[in-house]
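# Inside the fold
Here are the chains, one letter per residue:
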Amino acid sequence: MSPTAAVGLVASREISTRVKSKAFRVSTVIMLLLIVVGIVAIKLISGGSGPDAKVGFTTATAAFSAPLKAVGKTLDENIETTQVADEAAGRAKLADGSLDALLTGDGKNVHVQVKKDLDGKLANVLQLVSQQVAVSRQVTALGGDPARFQAAIASAKFVEDPPLEEPYDYNGQQLVLGIVAGILIYLSLMINGQSVAQGVVEEKTSRVVELLLSTIKPWQLMAGKVLGIGVVGLIQMLVIGAGGVIAGLSTGVLTISVSAAVGTVVWLVVWYLLGFFMYSIVFAALGALVSRQEDVGGATMPALMFVIAGYVIGISVLPSDPGNTFVEVLSVIPVFSPTLMPMRLAMGGVPVWEAVVSVGLVVLLIPGLIWLAARIYRNAVMRTGAKVKLRDALRAA
C-alpha cells in the first residue's frame, strides 16, 4: 500500500466514524443554535434603541431644554425632553418610570430630581448646563450678550492637521465578528485537538494500534488520524460559520458587506486549518506518551496553554484596544497566530505583510513539527503502562 493510500484509508475511517456519531451531530447543532439565538437576541435588544435619558421640565425650566439636548449631543448622550404640566405631574412620571429626571425650580438655577439615583452621564450633562448658565449670568452682569457669547464659543474650533499615519476606523460589528471568530477557533482547537490525543490513547489501550502498525507505518497512522479529524472539524466550522453569517445578514444584525462577511469566514477556515494541523500534530505526539484517558489532559496541557493564552489575551485586549501593539506582535508568532490573527483579520486594519508573514511562519513550522511529532509518536505509541518521558521518546531511535 502506498503512503498516500495508507494515510487516506486512516483518514476516511476517522471521517466516517466521527461524522456518523451522535456526538458530532448534536454538538454541531447546539453550537449553530447558540450562534443563531445570540444573533436573534442582539436583534431584539438593539431593535428598541431609544433615548439614553428622558428628562422632564416645567414651564419655569423650559429654557434649560434646548441647552440640555445640545450639551448631551456633544457628549454623545441622546436626551429626550418632555414638558410636564407642573412639578407634581413630573414627580408622578418619575415614580412610574416615564422620566429619568425632572428639572424643577424657578429657572434661575438648574435643579434636578430623580426617583433613586442620577445617571453618571446625565449628571455630567447637567453639570455643563449649570456652568453655561453661570457663564451667561456673568456675561450679562458685564454688559455683554449671552447669546452672542454662546454662539462664539460654539463656533470656535481647533484645526487638525493630517496625521502621520492614517488610522483605521474599526467597525463595531467587525469587532464582534473578530471575537466570535476567536471563540470558534479556540473551541475547535480545544475539542478537535483533544480528540486526536484521546484517539491515540484509545487505540493504544485497545491494542488496535498493534494491528494497524503491522500494515502501515507510525507516521502514516498519525497523519491519517490528524487529517481525518481535521476534515470533520472543518465541516463543523463551515456549517457554523456559514450559518452564523447567513443568520446575521438575513436578520439585519450584520450590516457589513457580504464580501467582508465571506472574507471573515474564509480567514476563519484558513486559520482553523493552519492552527489545527499545527497543534493536532503536537497533540498526537503528546497523546502517544500516555496509556490512560485520564492522563491525556496532563500530557497535552503544555501545548494547550499557548492556545488558551492567545485566546484570553485576544478577548481581553482587542475589544477595547484593537490596535494594541503587544497583540500585533504576538499574532505573528506561530503559537499564538491561530487564535489572535483571525480576530484581528475579522476586525480589519491588519497590514497585508503581517497576514502573509503570520501564515508563512506557521506553514514553515508545520514540517518541522511533523518530523518531531513523528519521532515521538513512533517511539512511544507501542509502549504501554507508565507515562513515557518526552526525553526518552526523543532519544529512542
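The model shown is predicted, which means the values in this text are computed figures rather than measured ones.

### A closer look at the UniProt feature "transmembrane region" (unreviewed entry) in the protein chain
UniProt records the feature "transmembrane region" (unreviewed entry) for residues 23-45, 172-189, 226-249, 269-290, 302-320 and 352-374 in the present numbering. Along residues 302-320 one finds 84% helix and 0% strand; the C-alpha atoms at either end are 29 Å apart. For residues 352-374, the end-to-end C-alpha separation is 33 Å, with 100% helix and 0% strand making up the annotated structure.

### What to know about a negative patch on the surface
Judged by side-chain charge, Asp52, Asp76, Asp100 and Asp119 come together as a negatively charged surface patch. One can find Asp52 in the loop between helix 2 (22-47) and strand 1 (53-57). With relative accessibility at 44%, the residue Asp52 sits in the partly exposed group.

### Here's the deal with the pairing of strand 3 (residues 101-104)
Judged by which residues are buried, strand 3 turns out to be covered on both faces: Ala101 and Leu103 on one side and Leu102 and Thr104 on the other are all buried. Summarising the sheet, strand 1 and strand 3 pair through three bridges and their orientation is parallel. Bridging across to strand 3, Gly56 finds its partner in Leu102. Pairing of strand 3 with strand 4 (residues 111-113), which is carried by three bridges, proceeds in the antiparallel orientation.

### Focus: helix 9 (residues 218-251)
A turn of α-helix holds 3.6 residues, and therefore any two residues three or four places apart point the same way. Given a rise of 1.5 Å per residue, 34 residues ought to cover 50 Å, and the 49 Å separating the end C-alpha atoms of helix 9 matches this to within 8%. A positive backbone phi angle near 85° is found at Gly252, which sits one or two residues after helix 9.

Parameters and conventions
- Residues numbered from 1 in each chain as written.
- Predicted model: local features only at pLDDT ≥ 70, side-chain atom pairs only at ≥ 80, totals over all residues.
- Heavy atoms only, no water.
- UniProt positions renumbered as here; feature names shortened; annotations may be inferred.
- Helix = DSSP H or I, 4+ residues; strand = E, 2+ residues; numbered from the N terminus.
- Patch = residues over 30% accessible without salt bridge, like charges linked within 9 Å, V, L, I, M, F, W, Y side chains within 5 Å.
- Areas by Shrake-Rupley, 256 points an atom, 1.4 Å probe, with all protein chains shown as cover.
- Salt bridge = Lys/Arg side-chain N within 4 Å of Asp/Glu carboxyl O.
- Lys, Arg positive; Asp, Glu negative; His and termini not counted.
- Charge placed at Lys NZ, Arg CZ, Asp CG, Glu CD.
- Buried < 20%, exposed > 50% of the residue type's maximum accessible area, 1.4 Å probe, protein only.
- Pairing = 2+ DSSP bridges.
- Expected span 1.5 Å × (residues − 1).

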